Amino acid sequence: MKNILTLVFFCTVIFSSCAQQRGNKRSDANTIFPKGNKINNDNFKGTAYLKTLMEADSLNPTSVGNVTFEAGARTKWHKHPGGQILLVTDGVGYYQEQGQAKKILRKGDVIKCPSNVPHWHGASVNTAFVQVAITNRHLGETVWLHEVTEEEYIK
Ligand code: MN
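Residues numbered from 1 in each chain as written. Predicted model: local features only at pLDDT ≥ 70, side-chain atom pairs only at ≥ 80, totals over all residues. Heavy atoms only, no water.

Asks: Mind showing me how you'd approach a nonpolar patch on the surface here?
Replies: A cluster of nonpolar side chains, I85, L87 and V110, forms an exposed patch at the surface whose accessible area comes to about 220 Å². For I85, the location among the structural elements is in strand β7 (residues 84-97). Exposure remark for I85: the relative accessible area of 31% places this residue in the partly exposed category. (Patch = residues over 30% accessible without salt bridge, like charges linked within 9 Å, V, L, I, M, F, W, Y side chains within 5 Å. Areas by Shrake-Rupley, 256 points an atom, 1.4 Å probe, with all protein chains shown as cover. Salt bridge = Lys/Arg side-chain N within 4 Å of Asp/Glu carboxyl O. Helix = DSSP H or I, 4+ residues; strand = E, 2+ residues; numbered from the N terminus. Buried < 20%, exposed > 50% of the residue type's maximum accessible area, 1.4 Å probe, protein only.)

Listed below in structure tokens is the structure:
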């Protein structure tokens with residue numbers, strides 16, 4: 001009887017330890033960089049988070065930020081004088097340049113936003129989206145334009 005109780009005890013310890021490790025792996029698996037803080041300005045619609053990974057400086061006039069968009073969240077239309085590069089690290093998102101069809105983005109996609117071309121990016125309707133945004137600042141700061149309409153977003 002004592003042996004059985006000892007066996008049950010060790011099985012329980014091993015099982016709960018494995019369950020905990022699986023849980024940790026799952027929470028790490030979808031996150032390369034920290035989520036950061038909720039964005040509280042009206043250049044974004046819906047819930048989005050920003051973690052600044054690198055500030056621009058005189059040697060590298062380029063900022064790098066990890067942006068997490070919850071489903072349905074997106075930027076306003078905007079343009080970057082020095083252009084921007086987006087590296088998609090998770091989820092499903094959208095990217096659209098003015099006059100072009102909306103593109104669907106998935107993990108591993110890379111987008112080059114040309115200088116001064118109005119565009120927007122964000123999560124898809126049902127799935128969150130994570131991007132690393134590399135923004136060149138040497139020609140000026142991001143210029144924010146109008147909101148993305150529901151029709152533009154859904155189309
Ligand atoms: Mn942009």
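Asks: What's the story with the packing of aromatic side chains in this structure? I'm lost.
Replies: Note on aromatic pairs: each is described by the distance of the centres and the angle between the planes. Here the structure, examined in full by the defined rule, presents six aromatic pairs. Taken together through their ring pairs, the aromatic side chains of F44, F69, F129 and W144 make up a single cluster. Positioned above the aromatic ring of Y153, the side-chain terminus of R74 is 4.0 Å from the ring centre. A cation over a ring is seen here: K102 above Y153, with NZ or CZ 6.0 Å from the ring centre. (Phe/Tyr/Trp six-rings, centres within 6.5 Å; stacked < 30°, edge-to-face > 60°. Lys NZ or Arg CZ within 6 Å of the ring centre and 35° of its normal.)

Asks: I'm lost on the side chain of T135 in this one. Help?
Replies: Structurally, T135 is set in strand β11 (residues 129-136). The exposure class of T135 is buried, given its relative accessible area of 5%. Looking at T135, its side chain comes within polar contact range of the side chain of Q84, at 2.9 Å. When sequence neighbours within four positions are dropped, the list of residues in contact with T135 reads P61, T62, S63, H80, G83, Q84 and T142. (Polar contact = N/O pair within 3.5 Å; in protein donor to acceptor, adjacent residues only side chain to side chain. Contact = heavy atoms within 4.5 Å.)

Keep in mind these values describe shape, not function.
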